[in-house]
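This is what each chain is made of:
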Amino acid sequence: MKAAVLREANKPLEIEECQVSKPGPREVLVRPIAAGVCHSDLHFMDGSYPYMLPTILGHESAGIVEEVGSSVTYVKKGDHVITCLSAFCGHCDKCLTGRLALCSSPDVSRKPDEESRILQDGQPIHQFLNLSSFAELMLIHEHALVKVREDMPMDRAALIGCSTTTGVGAVFHTAKVEPGSKVAVIGCGGVGLAAVNGAAIAGAGQIIAVDMVDAKLEIAKSVGATHTVNAGSGNAVGEVVEMTQGGCDYTFEAIGLKATTEQAFQMLGAGGVATVIGMIPVGTMVELHGVDFLAEKKIQGSNMGSNRFRVDMPQFVDFYLNGKLHLDQMISKHIKLDQINDALDALKTGQEARHVIMFD
Amino acid sequence: MATQEVESEITGTVWKIEVKVGDKVEVEDVIMILESMKMEIPIEAPCAGTIKELMVKEEDSVVEDQVVALIES
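Given the structure is predicted, the values throughout are model-derived calculations rather than measurements. (Residues numbered from 1 in each chain as written. Chains lettered and ligands numbered in written order. Predicted model: local features only at pLDDT ≥ 70, side-chain atom pairs only at ≥ 80, totals over all residues. Heavy atoms only, no water.)

Draft legend 1. Structural context of the overall build of chain B. Looking only at helices and strands, chain B features 0 helices and 8 strands. Start at the N end of chain B and walk to the C end: the helices and strands fall as β-β-β-β-β-β-β-β. Its C-alpha atoms give chain B a radius of gyration of 11 Å, within 12% of the compact-globule value 11 Å for 73 residues. C-alpha extents for chain B along the principal axes are approximately 35 × 20 × 20 Å. Across the 73 residues of chain B, 44% fall into the buried class. About 3800 Å² of surface is accessible on chain B, with carbon and sulfur atoms providing 46% of the total. (Helix = DSSP H or I, 4+ residues; strand = E, 2+ residues; numbered from the N terminus. Rg over C-alpha atoms; globule rule 2.2 N^0.38 Å. Buried < 20%, exposed > 50% of the residue type's maximum accessible area, 1.4 Å probe, protein only. Areas by Shrake-Rupley, 256 points an atom, 1.4 Å probe, with all protein chains shown as cover.)

Draft legend 2. Quick look at the overall build of chain A. Within chain A, the regular secondary structure consists of 9 helices and 19 strands. Taken over the C-alpha trace, chain A has a radius of gyration of 20 Å; the compact-globule value for 360 residues is 21 Å, and the two agree within 12%. C-alpha atoms of chain A, sized along the principal axes, occupy 60 × 40 × 40 Å. For chain A, the residues scored as buried account for 57% of the 360 residues in total. Across chain A, contacts joining residues at least 24 apart in sequence account for 72% of those joining residues at least 6 apart. When the accessible surface of chain A is split by element, carbon and sulfur atoms take 52% of a total near 14100 Å². (Contact = heavy atoms within 4.5 Å.)

Draft legend 3. Highlighting a negative patch on the surface. Residue and element names in this part refer to chain B. Judged by side-chain charge, Glu 5, Glu 7, Glu 9, Glu 26, Glu 28, Asp 29, Glu 44, Glu 64 and Asp 65 come together as a negatively charged surface patch. Within the fold, Glu 28 resides in the loop between strand S3 (24-25) and strand S4 (30-36). Look at Glu 28 and you get exposed, because its relative accessible area is 56%. (Patch = residues over 30% accessible without salt bridge, like charges linked within 9 Å, V, L, I, M, F, W, Y side chains within 5 Å. Salt bridge = Lys/Arg side-chain N within 4 Å of Asp/Glu carboxyl O. Lys, Arg positive; Asp, Glu negative; His and termini not counted. Charge placed at Lys NZ, Arg CZ, Asp CG, Glu CD.)

Draft legend 4. Representation of the nonpolar core in the model. Residues and elements named next belong to chain A. Counting residues in hydrophobic clusters, the biggest one holds 127 residues, and the most contacted among them are Ile 56, Phe 134 and Phe 252. Here this core takes 10 residues from helix H3 (residues 154-175), the largest share from any one element. Core analysis: the second largest hydrophobic core is formed by 14 residues, Ile 186, Val 229, Val 237 and Met 267 among them. (Core = buried A, V, L, I, M, F, W, Y, C linked by side-chain atoms within 4.5 Å.)

Draft legend 5. Examining the sheet that holds strand S14 (residues 227-230) of chain A more closely. Residue and element names in this part refer to chain A. The strand order S14-S13-S12-S15-S16-S17 describes an open sheet built from 6 strands, whose pairing is parallel. Across the chains shown, the open sheet's two edge strands, defined by having one partner strand only, are S14 and strand S17 (298-301). Adjacent strand axes in the sheet meet at a mean angle of 15° when their direction is disregarded. Strand direction decides the pairing type here: strand S16 (residues 268-276) and S17, joined by 4 bridges, are parallel. In the sheet register, Ala 274 faces S17, and the bridge partner there is Ile 299. (Pairing = 2+ DSSP bridges. Axes fitted to C-alpha atoms, helices over the stretch in contact; angles between N-to-C directions.)

Draft legend 6. Quick look at the side chain of Thr 260 of chain A. One can find Thr 260 of chain A in helix H7 (residues 258-266). When its relative accessible area of 9% is taken as the criterion, Thr 260 of chain A is described as buried.

Draft legend 7. Structural detail: the pairing of strand S8 (residues 67-72) of chain B. Residues and elements named next belong to chain B. The pairing of strand S1 (residues 3-7) with S8 spans 5 bridges and is classified as antiparallel. Paired with Val 6 across the strands is Ala 69, a residue of S8. Strand direction decides the pairing type here: strand S6 (residues 49-54) and S8, joined by 4 bridges, are antiparallel. Of the residues in S8, the one forming a bridge with Thr 50 is Glu 72.

Draft legend 8. Looking closely at unusual backbone geometry. The amide bond that connects Leu 53 of chain A to the next residue, Pro 54 of chain A, takes the cis arrangement and shows omega of 0°. With respect to the helices and strands, Pro 54 of chain A occurs in the loop between helix H1 (39-45) and strand S5 (55-56). Despite not being glycine, Ser 306 of chain A shows a phi value in the positive range, around 45°. In this structure, Ser 306 of chain A sits in the loop between S17 and helix H8 (309-321). Judged by relative accessible area, which is 26%, Ser 306 of chain A ranks as partly exposed. Positive phi outside glycine occurs at Lys 38 of chain B, with the angle close to 75°. Topologically, Lys 38 of chain B is positioned in the loop between S4 and strand S5 (39-44). We classify Lys 38 of chain B as buried; its relative accessible area is 5%.

Draft legend 9. Geometry of the packing of H3 of chain A against H8 of chain A. Residue and element names in this part refer to chain A. Their axes nearest at 10 Å, the elements H3 and H8 cross at an angle of 100°. Put simply, H3 runs roughly perpendicular to H8. Contacts between H3 and H8 involve Arg 156, Ile 160, Gly 161, Thr 164, Thr 165, Val 168, Phe 172 and His 173 from the former and Asp 312, Met 313, Phe 316, Val 317, Phe 319 and Tyr 320 from the latter. For the contact of H3 with H8, the class distribution of residues is 8 nonpolar, 4 polar and 2 charged. (Parallel < 35°, antiparallel > 145°, perpendicular 65-115°, else oblique. Nonpolar A, V, L, I, M, F, W, Y, C, P; charged D, E, K, R; others polar.)

Draft legend 10. Structural context of the pattern of salt bridges. Residues and elements named next belong to chain A. Going through the model one piece at a time under the given rule, you end up with 23 salt bridges over all chains. For the salt bridge of Glu 60 with Arg 354, the shortest nitrogen-to-oxygen distance reads 2.9 Å. Here the residue Glu 60 occupies a position in the loop between S5 and strand S6 (61-68), and Arg 354 occupies one in strand S19 (residues 354-358), the gap between them amounting to 294 residues. In this structure Arg 354 comes out as buried when scored by relative accessible area, which is 5%. Note that Asp 345 and Lys 348 form a salt bridge whose closest N and O atoms lie 3.5 Å from each other. Of the two residues, Asp 345 and Lys 348 are both situated in helix H9 (residues 340-349); the distance of 3 residues between them amounts to about one turn of the helix.

Set out below in structure tokens:
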């Protein structure tokens, strides 16, 4: 199979020939049809999150089951599936208390002494987040996928595999946004736009999208933003506090920066909750004004939208097909696997929404 | 001869240890691999030298800034 391999941080991906191992008892071989190119992939490419190399990036995909392991009963060959990096073991304390997205059990990976799931001429290639979707085949644990209805377009389904689940899930599950509330979302990439859309579905009364790119703010309006703020003005916090007459009930940081995380907290009104979705580089410290805690302002993290993806993703598919979830405008371009570096370069500029790789 | 501490920069679980006591390592050689929130994160040697002590074993939990190994350089 062809795959886009990262061999060294800050270097382009190389399209190389790799192989997959045979499915183990609880593994599924998936032939991806579509894979989104997500900003999180860049964090690992530029080394702000260290990762074992060589690896094959990509973690947002939809495809068709090609082969199943001997113990797999949940899916069969030909089923349409969305993959998810939140592979859950099903028996740890996090899983058993309903917080599946926080499962960190190694049971969903192969053991250190087993053959790697991905190989190149017998040498192991490290699987990225238990997925590695920039490849023509994916060998994954059965708990890293969910079956979906076959009338769902695969390119839209792929987005549900990460950005939609992360953004909408942060609104629904992590923050539990209430109808009528005042919401601000900082950063209108794929995840931020999904949070805007999620806030609209949840019935928020005021949804303020904040970004520095007007084109993205226009997309935000089309998916549910009631107001927009171009942060290039230099006073995004002041504008949001003024628009909401005292600050938000909920804010979402969807970039992964110290400054915007602190702004998300500053945009809160009394009793408000800031939810940090973005991946802040390892080692970065965040500073808050301690006095704000007297106003019962809160700040929390959200990992993959605190998902229960086997329940959430089919619901998101239904939301798309009944017109509540707007995925069409999230895709700026369809590309082939060998155009992956162009897509990653485009992401760095912050000017475009999402490129989606379509496999033949 | 000086002893250099090797620290984890993130909280996680030791998935695989790639060296044993007495092994010689170069700067940036992978000493062990952590699993943290689905990520495989390498802990690399900060200097060249000989592995003097491993303070953790596979499947142990480690926290940010924890010393996981000593290198004699």
